[in-house]
Structure formats: structure tokens, C-alpha cells
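The primary structure of each chain is shown beneath.
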Amino acid sequence: MDVLALAGDELVRPEGAKPLFLLSGRVAVVFGAGSSGAGLSNGEATARAYAAAGALVAVVDLVAGEAERVAKKITATGATALAVTADVTDEDQVAAAVRTVVGELGVPPVLHNNVGVARTGPVLELGLDDWEAGLRVNLTSVYLTTRHVLPSMLAAGKGVITNVSSVASIRDTGYVSPVYSGAKAAVNQLTVSLALTYAARGIRANAILPGLIDTPLVTQQITDDPEALEARHAASPTGRMGSPWDVAHAAVFLAGDAAAYVNGVCLPVDGGLSARCR
């Protein structure tokens, strides 16, 4: 594995360490690579980690400025990145984004789906529009991106699909969010279906299930109360929330040849949270 270390929010290689480009020359398209607020997101960390592993990264986000910001961070390191703007709930925009990626960088053997919205509220307080919007962002988006990237993977006879789900898909995490947890549970099974349907044709599909990760999404969509944030840290078996780099490093492993026989796995990255009974 490459030797990388963290310096704040930066991923750096210690002096003297030799890089091992696990994804050298491969095109990786990351949907949801921007951030919903100040700080590092899972999507941005993953896009940058793919680039550090040698990939040519398509940075796709709903917000053009976010796609461009992350792409500039990557190109500043000497790596290759392409900023693309697309709404993952709009099939025409997803198709156009994939065409742009193929035209500019080449066929992507790595598809990473990071988009998610943590809509909270019990069923009796969720209107149908909110329910359907939650499903479209968290679940249908994965269907749409896969639908438009998978044909080129099949033609090439190889590809890796990594879908970011959530520990909320398999465990109660203390937040009432039936549309989020339900959609992410469906993402898990969609991932398994893809893995088994296309395994014999060179395709692998896995899901990453982040636990309590310290990202801007938490303060933007769940809580910004200092006491509640401290409670999130305390709720982890490790005594702290995880870092977006924890998710990113798992993604690099799953995308690389070291994981060539890892298929149909729903991998918790949660400090042991999902293994605990209380």
C-alpha cells in the first residue's frame, strides 16, 4: 500500500516514502465529490485519494463551484482531474456527464457513488414529496449513474462500482430517518444484485457503510449543536467520529487490484459501531 499521512485536511506523502500507484492511469468518476459546507466531505476525500493513487479523476457535483474547487486541489498536486456538473437525479444530466468523462478522460473502470441526503423525520411527518425526493437522491441516483457507466465497463470486460451507503442501512443509529435508512438499505441490495449479475463479466460492486463520520453533512443536515456533536463522538466505540479519509482509504482499496476477489460486500467503516449490541 502507498504510504500516506494526514496533515490537517491534506493527504501527504512523508519525505522519502515511495508512492505505489494502485490505480495508475485508471479513470475514476466520483459522483458527489463536493462538500455541502465548510470542511472535508467523504466525496472530496475519496476523489483526492483516488488521485493520490494515480487515477485520473472526474469530479462530479451538483454545484459547479464545488466540482471546480476539488478538481483544482487535485491538479495542484500534479494529478489529473476534470470538473463536471450534474444533477444525479436527472437522467439526461447523468448521461451527459458520463459522455463528457469518456470524451475527456476515457472509459471509467471505477465508478464511485457518494451522493446522499440525510432527511430526518418520522413517517407521519414526511410528506410524499419528501419521501420520493429522498429515495431519488439516495437510491435512484445510483441506478442512473450505474445504468450509464456500466455498458462501457461491460464492453471493456472490467470495472469496479463502489456505492456509499450508511451504517443506518443495517442498524438504528439514534436518528429517526426512515427514508434515508430505507433508501440506503436498498442501495446495499442493489449493490449485491449488480455484483452477482455481472461478476462473470469482470465487474465488481461493493458498498461502503460509513458510521459516525465527521463531515459537513452532519452539521448541515443533522445537528450543529456542540453537545450533540460531542455525543456523536462519544457514541463511537473509538470515542471519536471517523474521518472522511477513513472512507476514502477503504474506497481506494476496493477499487484496486488488491481487492480483485472482493465482490458483493457491504463494508462498515464505523470504528466497530455496527458490531456493538447497545
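What counts and how
- Residues numbered from 1 in each chain as written.
- Predicted model: local features only at pLDDT ≥ 70, side-chain atom pairs only at ≥ 80, totals over all residues.
- Heavy atoms only, no water.
- Buried < 20%, exposed > 50% of the residue type's maximum accessible area, 1.4 Å probe, protein only.
- Helix = DSSP H or I, 4+ residues; strand = E, 2+ residues; numbered from the N terminus.
- Pairing = 2+ DSSP bridges.
- Right-handed = clockwise from strand over helix to strand, strands pointing away.
- Salt bridge = Lys/Arg side-chain N within 4 Å of Asp/Glu carboxyl O.
- Polar contact = N/O pair within 3.5 Å; in protein donor to acceptor, adjacent residues only side chain to side chain.
- Contact = heavy atoms within 4.5 Å.

Participant: Would you explain the pairing of strand β3 (residues 27-31) in this entry?
Facilitator: On a regular strand, one side chain projects to one face of the sheet and the next to the other, so that they alternate. By the criterion of burial, β3 is predominantly enclosed, with five of the five residues buried. Residues Val27, Val29 and Phe31 point to one face of β3 and Ala28 and Val30 to the other, with burial holding for every one of them. In this structure, β3 lies alongside strand β4 (residues 56-61), joined through five bridges in parallel fashion. Along β4, the bridge assignment pairs Phe31 with Val60. Read as a crossover between parallel neighbours, the route from β3 over helix α1 (residues 42-52) to β4 is right-handed.

Participant: Please clarify how the pattern of salt bridges should be interpreted in this entry.
Facilitator: Think of it this way: side chains of opposite charge can pair up when their charged atoms draw near. Inspection of the entire model under this criterion finds six salt bridges. The shortest N-O distance in the salt bridge between Asp257 and Arg26 comes to 2.8 Å. You can see Asp257 sitting in the loop between α8 (244-255) and β9 (266-269) and its partner Arg26 sitting in the loop between β2 (10-12) and β3, a full 231 residues away along the chain. Salt-bridge contacts for Arg69 lead to Glu66; the nearest nitrogen and oxygen are separated by 2.8 Å. Residue Arg69 and its partner Glu66 are both found in helix α2 (residues 64-75); the two are separated by three residues, about one turn of the helix. The class of Arg69 is partly exposed, set by a relative accessible area of 28%. Through salt bridges that share partners, Glu44, Arg48, Glu66 and Arg69 make up one connected network.

Participant: Just checking my understanding: could you explain the side chain of His112 for this structure?
Facilitator: With respect to the secondary-structure elements, His112 resides in strand β6 (residues 110-113). Reaching out from His112, the side chain makes a polar contact with the side chain of Tyr50 at a distance of 3.0 Å. Sequence-distant contacts of His112, that is, excluding residues within four places in its chain, are made with Val29, Val30, Phe31, Thr46, Tyr50, Thr162, Val164 and Ala251.

Participant: Help me out: how do you make sense of the environment of Ala258 in this one?
Facilitator: In this fold, Ala258 is placed in the loop between α8 and β9. Overall, the relative accessible area of 64% leaves Ala258 in the exposed class. C-alpha of Ala258 to C-alpha of Leu22: the two residues are 236 residues apart in sequence and 8.5 Å apart in space.

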